[in-house]
Amino acid sequence: MVPTSKRSRQPVVAVTGAASGLGREVLVKLVSSADFRRVVAIDEERGDVQEATWRVIDVRDPLLANRISDIDVLIHLAGDYAVDSDPGERRAYNLRAAQTVLTACAAARVRRVVLVTSAMVYGAAPDNEVPLPEDAPVAAEPDTGVVGDFLEIESLVRRSLRSHPGVEVTVLRPAAVVGPGVDTVLTRHFESPRLLTVKGCSPHWQFCHIDDLVSALELAARGVVSGVLAVGSDGWLEQEQVEELSGIRSLELPAGLTFGTAQRLHRLGVTPAPATDLHYVVYPWVVDCAVLREAGWKPAWTNEAALQQLMELRENRTTVVGRRLPVKEATLTAAGATVAVIGTAAIVRQVRRKRRQ
């Protein structure tokens, strides 16, 4: 006897933000899977994956519920996390999109929603346990950067679980995401002339290749894993290993000077990210991916291989204080690079000299 109920048959899965980026990568993966009856792509414009059923709509539109009435599982990947986006506009978009999706899914009786935030919500601190367990407290500082967006989205999820207990929500928290097309404050760190470190603390680097994030999202869509779970390569790299593999030397500065200068530069509009984002390049925030590991999932990428690809994708870019320089301006000597690295004493001295003149 062939089961006919909606819950027993192969589910229909939808992906928001499906026309580009991570959404498109997930879409390509899902349309080739035999575990879903149909794959629906949702975006403001139609993408190029022909095997999917496209529905063109802004995910912030309250009419979204009408467009997903036949969906069993929805993976929400529509968001603005561009480094150079206006912080206020970015947050307004991301929160409105997440809120509308969660409300629409409850109204349409979508039984499972999958979202992606970041392991950054655990916070980066010099005394962090390495690795952090998945049930570690959310200790990141609310700010105007993307970490603040992730914290707000997870708050929306908690409220949704209380208001709509019939909707299962799974949240994936990846480590530092790398791969083709990925552009974040963390990936731009490796486009800098020097790797910033602070005295008395050695960073621990863990990456999550986009391929591994896609495979984890597929498992979550199938219901193999649920709840809140971390995603990343096994283990971590010490700072010495990162310097050897990347070929970039470090610059060590006092923590007070580093973060104080970074905050002033951010207030002046020189750097796009708040000073708190620097915590994630100087302090550890390695995560233990226990839920996925117990489900039999294994990352295809090691931290070493992910870092190697990250360096290959630099394409001779030079980034200073979080901003990419035009090629004609990226002619920094070793001494100039030291001056350019965020939080350096040289920057402070230059500013002070100008004020005295």
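A quick note: this is a predicted structure, and the numbers were derived from the prediction, not measured. (Residues numbered from 1 in each chain as written. Predicted model: local features only at pLDDT ≥ 70, side-chain atom pairs only at ≥ 80, totals over all residues. Heavy atoms only, no water.)

**Concerning the overall build of the chain**
Each helix and strand counted, the chain has 13 helices and 15 strands in total. Of all 357 residues assigned to the chain, the portion counted as buried reaches 54%. Counting contacts in the chain only where the partners sit at least 6 residues apart, residues at least 24 apart contribute 78% of the total. When the accessible surface of the chain is summed, it comes to about 16400 Å², and 50% of that surface belongs to carbon and sulfur atoms. (Helix = DSSP H or I, 4+ residues; strand = E, 2+ residues; numbered from the N terminus. Buried < 20%, exposed > 50% of the residue type's maximum accessible area, 1.4 Å probe, protein only. Contact = heavy atoms within 4.5 Å. Areas by Shrake-Rupley, 256 points an atom, 1.4 Å probe, with all protein chains shown as cover.)

**As for the nonpolar core**
By size, the foremost hydrophobic cluster in this structure holds 40 residues, and its most contacted members are Phe 190, Phe 207, Tyr 280, Trp 285 and Leu 307. For this core, the elements supplying multiple residues, two or more each, are α4 (146-163), β7 (176-178), β8 (195-198), β13 (250-253), α9 (279-282) and α11 (303-312). Residues contacting Tyr 280, with those up to four places away along its chain left out, are Met 120, Gly 123, Ala 124, Ala 140, Val 147, Leu 186, Trp 205 and Trp 285. Judged by nonpolar contacts, the second largest core, of 33 residues, contains Leu 27, Ala 52, Leu 77 and Leu 172. (Core = buried A, V, L, I, M, F, W, Y, C linked by side-chain atoms within 4.5 Å.)

**Some remarks on the side chain of Ser 160**
Mapped onto the elements, Ser 160 comes out in helix α4. Judged by its relative accessible area of 8%, Ser 160 falls in the buried class. Every residue in contact with Ser 160, bar those within four places of it in the chain, is listed here: Leu 102 and Pro 165.

**Observations regarding the packing of helix α1 (residues 21-31) against helix α6 (residues 210-222)**
Each pair of packed helices gets described by two things: the angle between the helix axes and the distance between those axes. It is the contact of α1 with α6, at a shortest axis distance of 10 Å, that shows an interaxial angle of 55°. For the element pair α1 / α6, the angle class is oblique. Where α1 crosses over α6, the two elements pack in a sense that is right-handed. Contact residues: Leu 22, Glu 25, Val 26, Lys 29 and Leu 30 in α1; Ile 210, Leu 213, Val 214, Leu 217 and Glu 218 in α6. Looking at side-chain class alone, the contact of α1 with α6 contains seven nonpolar, no polar and three charged residues. (Axes fitted to C-alpha atoms, helices over the stretch in contact; angles between N-to-C directions. Parallel < 35°, antiparallel > 145°, perpendicular 65-115°, else oblique. Left-handed = near helix turned anticlockwise from the far one by under 90°. Nonpolar A, V, L, I, M, F, W, Y, C, P; charged D, E, K, R; others polar.)

**What to know about helix α3 (residues 87-107)**
End to end, α3 covers 30 Å across 21 residues, agreeing with the expected 30 Å (1.5 Å per residue, within 8%). If you check which residues of α3 are buried, you get Arg 90, Arg 91, Tyr 93, Asn 94, Ala 97, Ala 98, Thr 100, Val 101, Leu 102, Ala 104, Cys 105 and Ala 106. Turning to α3, the residues buried within the fold contact α2 (64-67), β4 (73-76), β5 (112-116), α4 and β6 (168-174). Measuring from the backbone nitrogen of Gly 88 back to the side-chain oxygen at the start of α3 gives 3.1 Å, which picks out Asp 86 as the cap. Just downstream of α3, Arg 109 is the residue with a positive phi angle, here 60°. (Expected span 1.5 Å × (residues − 1). Polar contact = N/O pair within 3.5 Å; in protein donor to acceptor, adjacent residues only side chain to side chain.)

**A few points about the pairing of β5**
The side chains of a regular strand alternate between the sheet's two faces. With five of its five residues buried, β5 lies for the most part within the structure. Burial along β5 is two-sided: Arg 112, Val 114 and Val 116 facing one way and Val 113 and Leu 115 facing the other are all buried. Handedness of the β-α-β unit built from β4, α3 and β5 comes out right-handed. Two elements, β5 and β6, share five bridges in a ladder whose sense is parallel. In the sheet register, Val 113 faces β6, and the bridge partner there is Val 169. Viewed along the sheet, the connection from β5 through α4 into β6 turns out right-handed. (Right-handed = clockwise from strand over helix to strand, strands pointing away. Pairing = 2+ DSSP bridges.)

**Quick word on the environment of Arg 314**
Relative to the assigned elements, Arg 314 resides in the loop between α11 and β14 (319-320). Sequence separation of Arg 314 and Ser 192 is 122 residues, and the distance between their C-alpha atoms is 10.0 Å. A polar side-chain atom of Arg 314 sits 3.1 Å from the main-chain carbonyl oxygen of Phe 190.

**Concerning α11**
Helical geometry note: an α-helix holds 3.6 residues per turn, so side chains three or four residues apart project in the same direction. What α11 keeps buried is the set Asn 303, Ala 306, Leu 307, Gln 309, Leu 310 and Met 311. Buried residues in α11 make contact with β7, α5 (185-189), β9 (204-205), β10 (207-209), β12 (237-238) and α7 (239-246).

**A few points about the side chain of Asp 149**
The topology assignment puts Asp 149 in helix α4. If near-sequence neighbours (up to four positions away) are discounted, Asp 149 is found in contact with Tyr 81, Arg 90, Arg 91, Asn 94 and Leu 95.

**Description of the sheet that holds β4**
Spatially, β3-β2-β1-β4-β5-β6-β11 is the arrangement adopted by the seven strands of the open sheet, whose pairing is parallel. Strands with a single pairing partner mark the edges of an open sheet, and in this sheet they are β3 (53-56) and β11 (228-231). Mean inter-strand twist for the sheet, computed between neighbouring axes without regard to direction, equals 20°. Sheet analysis places β4 next to β5, joined by four bridges and oriented parallel. Bridge pairing in β5 places His 76 opposite Leu 115.

**Considering the environment of Gln 10**
By the secondary structure assignment, Gln 10 is in the segment before β1 (12-16). Through-space distance from the C-alpha of Gln 10 to that of Ala 34 is 8.8 Å; in sequence the pair is 24 residues apart. In this structure, Gln 10 is in contact with Ala 34, Asp 35, Phe 36, Arg 37 and Asp 72, ignoring residues within four places of it in sequence. Looking at Gln 10, its side chain comes within polar contact range of the main-chain oxygen of Ala 34, at 2.5 Å.

**Observations regarding the confidence of the model for the chain**
On average, residues of the chain carry a pLDDT of 87, and 81% of them reach 70 or more. Between residues 327-351, whose pLDDT stays under 50, and residues either more than four places distant or in other chains, the model counts 44 contacts. (pLDDT = per-residue confidence, 0-100.)

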